[in-house]
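Per-entry structural report
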Amino acid sequence: MKNGVIMVSYFLKSFVENQRQQELLETADRLAAKFKQRTEETEETAQFSPENLKDLKEVGYVTLPLPEKFGGAHINLSELLLMQEKLAEGDGSAALSIGWHMGVVMELSEQQLWRQDQFEAFAHELGEKKLVVNRAASEPATGSPTRGGIPETKAIRQDDQYIVNGRKTFTTMASVLDYYLVTAYIEEKEAVGSFLIPRDTPGVEVEHTWDTMAMRGTGSDDLVLKDVRLPEQALVEVNQGKSSKPKGWLLHIPACYLGIAVAARNDAVTFAKNYQPNSLNTPISEVPHIKQKIGEMDLKLLQAHYFMYGVARKWDESPGSREQLGAELAAVKTSVTNTANEVVDLALRIAGGRGLSKQYNFERYYRNVRAGLHNPPMDDMVLQMLAGKALKSV
């Protein structure tokens, strides 16, 4: 934002198709400017900023994926990615965090995972009270749920209640969430299910364990459940051998890391245009190898944007073909996230030794963008899937 005017990079201009999307982007831009001012605080506390959450709720950001009748805007995938990328230019950890909430709400709205009456009651509450939710699925012993491990968190039926015990790791925004969607092994059903648990439920605790070097502001602490008693209706999902459908909303992950890369690119270009050592008669932006690196960054970013938004457009415009987009969605995550890492690396090479100083934001970009390599789906799984498809097609 400059003089009240949104600064849309030419990477995004090609993908803003109408006035509504321009307005959504302006909302994200204003939020990004605020969030950027709080990054030092969230880096130090390793918690999601309550002020950021307040801002997100006040402008209705958290309700945007809901259908209009519940107070939302029913944004599509392309719109989600535009906003999330712009938000990440200001603060990658804040964008990734709220992206999980946005994606979960979008998934519940589109895929009818719950009974209709359960979803509508939940959606009304989210819309009216501007609440936030996230899934709590990862565990110390099982790692990422995408690897297929059975949760050690157990739910035992007792009369008309379930008693849940366990520990969840990487629970993004744990301290500020209003609801947790907790996966557990349900002994009576011999299946994995998800329970919707309000934050103030007795036996629910957040243990501050988040000590990573990257994405510190996500506050992805441990969620501990000790003899948590839940009514039967808290069980909202049961996975009984059903195959998982492609999840377009997971593209919020590469969108976030692409936003970090764009921010690093912008800072690197600004640095190059303004830094002039006394050994040169011009700023370093005129040095051939610096120009080469700037060109490389932009080429990579253009390719990544067209790939990601191209697949998102297919998702939005052809709902009947979504089940065939699994491989493309996974490929976008792997390709774009790795590209983002390459762009941030080039930005640091342009800044040189100064890029390692906390006087600049490069070192934070470098740390945060690395986290994308460990978000699902993992590179090895994507490449094995693509190889399998190739081998079957010939």
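Heads up: these notes are all about the structure in this document. Fair warning: this is a prediction, and the values are worked out from it, not measured in the lab.

1. Some words on the nonpolar core
Judged by nonpolar contacts, the single largest core of 99 residues is most densely connected at Tyr61, Ile98, Phe195, Tyr257, Ile260 and Met297. Residue contributions to this core peak at 14 residues, all from helix α8 (residues 252-274). Ignoring sequence-local partners within four residues, the contact set of Met297 consists of Arg265, Ala268, Val269, Val343, Leu346, Ala347 and Ile350. Formed by 16 residues, the second largest nonpolar core is a distinct cluster that contains Leu108, Phe119, Ala123 and Leu131.

2. Thoughts on the packing of helix α9 (residues 288-317) against helix α10 (residues 326-351)
Packed helices, taken two at a time, are described by the angle between their axes plus the distance between the axes. The N-to-C vectors of α9 and α10 enclose an angle of 160 degrees; their axes lie 9 Å apart at closest approach. Compared by their axis directions, α9 and α10 come out roughly antiparallel. As α9 runs across α10, the sense of the crossing is left-handed.

3. Some thoughts on the side chain of Ser78
Checked against the element boundaries, Ser78 lands in helix α5 (residues 77-90). For Ser78, the side chain forms a polar contact with the side chain of Asp316, separated by 2.7 Å. Beyond its immediate stretch of four places on either side in the chain, Ser78 contacts Tyr309, Ala312, Arg313 and Asp316.

4. Some remarks on empty space enclosed by the protein
Counting across every chain of the model gives two cavities of 30 Å³ or more. Classifying every residue of the lining of the largest cavity by side-chain character gives three nonpolar, three polar and three charged. Considering only enclosed or pocket space, the second largest cavity measures out at about 30 Å³ in volume. Around the second largest cavity sit Thr39, Thr42, Glu43, Asp91, Ser93, Arg364 and Asn368, which together line it. Where the lining of the second largest cavity is concerned, the elements lending two or more residues are α3 (39-45) and α11 (362-370). Looking at which element gives the most residues to the lining of the second largest cavity, the answer is α3, with three residues.

5. Here we look at the pattern of salt bridges
Enumeration according to the criterion identifies 27 salt bridges in this entry. Among the ionic contacts, a cluster of salt bridges with common partners joins Glu43, Lys358, Glu363 and Arg367.

6. Points about the pairing of strand β3 (residues 161-171)
Where strand β2 (residues 154-158) lies against β3, five bridges are found, and the strand directions are antiparallel. Bridge assignment links Lys154 to a residue of β3, and that residue is Asn165. Taking the residues that link successive antiparallel strands as the turn, the β2-β3 hairpin has two residues, and the phi of Asp159 there is positive, at about 55 degrees. Across eight bridges, β3 lies against strand β7 (residues 221-231) in antiparallel orientation. Note on β7: the bridge partner recorded for Gly166 is Leu225.

7. Side note on the pairing of β2
On a regular strand, each side chain points to the face opposite its neighbour's, so the side chains alternate between the two faces of the sheet. One ladder, built from two bridges, connects β2 with strand β4 (residues 179-186); its direction is parallel. Its bridge partner lying in β4, Ala155 is registered against Ile186.

Here is what the cut-offs are and how they apply
- Residues numbered from 1 in each chain as written.
- Predicted model: local features only at pLDDT ≥ 70, side-chain atom pairs only at ≥ 80, totals over all residues.
- Heavy atoms only, no water.
- Core = buried A, V, L, I, M, F, W, Y, C linked by side-chain atoms within 4.5 Å.
- Buried < 20%, exposed > 50% of the residue type's maximum accessible area, 1.4 Å probe, protein only.
- Helix = DSSP H or I, 4+ residues; strand = E, 2+ residues; numbered from the N terminus.
- Contact = heavy atoms within 4.5 Å.
- Axes fitted to C-alpha atoms, helices over the stretch in contact; angles between N-to-C directions.
- Parallel < 35°, antiparallel > 145°, perpendicular 65-115°, else oblique.
- Left-handed = near helix turned anticlockwise from the far one by under 90°.
- Polar contact = N/O pair within 3.5 Å; in protein donor to acceptor, adjacent residues only side chain to side chain.
- 1 Å grid on protein atoms, 1.4 Å probe; cavity = no way out; pocket = protein on both sides within 12 Å on 5 of 7 lines; lining within 4 Å.
- Points joined across faces, edges and corners; volume = space filled by probe spheres on them.
- Nonpolar A, V, L, I, M, F, W, Y, C, P; charged D, E, K, R; others polar.
- Salt bridge = Lys/Arg side-chain N within 4 Å of Asp/Glu carboxyl O.
- Pairing = 2+ DSSP bridges.

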